[in-house]
Amino acid sequence: GGGAGGDALAVEGKKGSGYYYVVGTAFIRPHEDEPTRGRVLVLQYLPTKKMLRLVAEYDTNGAVYCLSPFNGRLLISVNSVVELLEWEKFNSPRRSQIRGGFGSSSTASTSSSFREGKLKRIATHRGHIIAILIATHGDYFVVGDLMKSVMLLMFKEDSGTIVEVAREFGNKWMTAVDMVDDNVYLGTDDNLNLYSWKRNIASVNEEERQALRVAGSFHLGELVNAIRRGSLVMKVPEDHKSSSSNSNSSSGSSARRVSPGGGGTAYAALESSSPNHSSHLFGTVNGVIGVVAPIKRKQYHFLKNVERALAQVVKGVGGLRHKMFRSPVLRSQEMKMEESKNFVDGDLVEKILTLNQDDMEKISKILKQPVESIIRQVEAAARVH
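Residues numbered from 1 in each chain as written. Predicted model: local features only at pLDDT ≥ 70, side-chain atom pairs only at ≥ 80, totals over all residues. Heavy atoms only, no water.

Chemist: Can you walk me through the sheet that holds strand β6 (residues 73-78) in this structure?
Modeler: Each strand in a sheet pairs with another by means of backbone hydrogen bonds, the pair being arranged parallel or else antiparallel. With antiparallel pairing, the four strands of this open sheet are ordered in space as β5-β6-β7-β8. On the outer flanks of this sheet lie β5 (64-70) and β8 (117-125), each paired with one strand and no other. Between one strand axis and the next, the sheet turns through 30 degrees on average, direction left out of account. Where β5 meets β6, six bridges bridge the pair, whose relative direction is antiparallel. Bridge pairing links Val-64 to Val-78 in β6. (Pairing = 2+ DSSP bridges. Helix = DSSP H or I, 4+ residues; strand = E, 2+ residues; numbered from the N terminus. Axes fitted to C-alpha atoms, helices over the stretch in contact; angles between N-to-C directions.)

This is the structure we're talking about:
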């Protein structure tokens with residue numbers, strides 16, 4: 001007993017052995033500014049007895065802020081350190097029998113198996129203020145820091161070390177992060193901004209390759225505390241799939257926000273090097289659920305033009321300028337200075353479906369397109385989510 005919960009994930013065991021739960025904890029003491037002790041607990045659910053059995057525990061030198069499965073192993077963030085753990089079975093004659101135990105996702109994995117053994121640390125990475133977020137994709141993982149934005153890392157099997165691949169040299173205070181693919185990442189900060197980063201792998205300059213470029217920025221106006229791969233629809237429309245499968249065109253993404261009462265929506269367009277990445281869901285502290293889903297570059301430019309046209313016709317409450325509101329709030333400046341980029345505001349775009357005829361004609365004149373064509377394209381975008 002003892003200790004406060006920090007993060008948890010569920011893993012399904014082999015051959016009907018039931019579910020296992022991995023929980024990260026911290027011991028909170030009044031005299032400590034930051035916890036100096038924590039644990040990772042592996043618990044097995046016993047359905048016949050309706051109880052949890054402690055399978056193993058791993059002591060840490062601080063609070064366990066995040067847990068994430070990673071290629072059959074387990075990544076944990078402990079205060080300013082990221083550790084890579086693996087499951088070591090007792091009396092295992094070969095190292096090949098040691099690996100395993102953790103699936104590739106935090107929901108369930110049929111390849112997982114916890115037999116008698118223990119958690120063993122095989123690598124660490126330092127250099128963070130407080131590593132509070134971890135997202136994985138393939139052989140890479142991104143760490144979101146409390147104050148130092150995001151960092152891309154990878155584990156090298158030959159040397160048994162975690163190495164830094166690239167980072168953003170900024171001071172964003174991260175609240176959520178996820179990976180779109182190996183080279184593109186999504187994240188939010190405490191200033192209610194949504195960002196995308198892109199790895200500059202084509203550069204011949206080593207310093208440029210090690211710096212993550214901010215590809216997109218947008219003021220959501222909501223404090224996001226989770227971003228995960230997922231969708232609000234069962235299936236993406238076929239016409240959208242075919243348009244996204246063209247590897248010669250860059251892609252963006254659209255996002256929909258749904259409030260607990262079924263309120264407003266929003267689109268966000270994300271520049272990505274991957275034409276086939278799947279959608280992502282995000283959640284906020286106010287109960288808003290949203291989705292970020294891919295759209296092709298041509299559709300992004302059209303929606304951006306619709307957004308600009310609507311901003312001229314639909315006036316904000318109290319005279320608030322749309323362009324100013326959606327500009328990212330930066331910690332280094334008191335006022336917003338730069339416009340949002342590579343994102344489109346769907347709260348505004350979808351208003352076109354409710355405009356009266358006179359306002360629609362104004363939009364049509366600005367865009368130099370028939371009203372029917374504009375509505376048809378906006379509705380096609382709405383079907384993505």
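After that view, the rundown keeps rolling.
Chemist: Before we go on, may I ask you to explain the packing of helix α3 (residues 297-313) against helix α7 (residues 371-382) in this structure?
Modeler: Helix-helix packing is described using two parameters, namely the angle between the two axes and the distance between the axes. Two numbers describe how α3 lies on α7: the axes approach to 11 Å, and their chain directions differ by 120 degrees. The pairing of α3 with α7 is recorded here as oblique in orientation. For the pair α3 and α7, the sense of crossing is left-handed. Touching Gln-299, Phe-302 and Leu-303 of α3 are Ile-374, Gln-377, Val-378, Ala-380 and Ala-381, all from α7. Of the residues in the contact of α3 with α7, the class split is six nonpolar, two polar and no charged. (Parallel < 35°, antiparallel > 145°, perpendicular 65-115°, else oblique. Left-handed = near helix turned anticlockwise from the far one by under 90°. Contact = heavy atoms within 4.5 Å. Nonpolar A, V, L, I, M, F, W, Y, C, P; charged D, E, K, R; others polar.)

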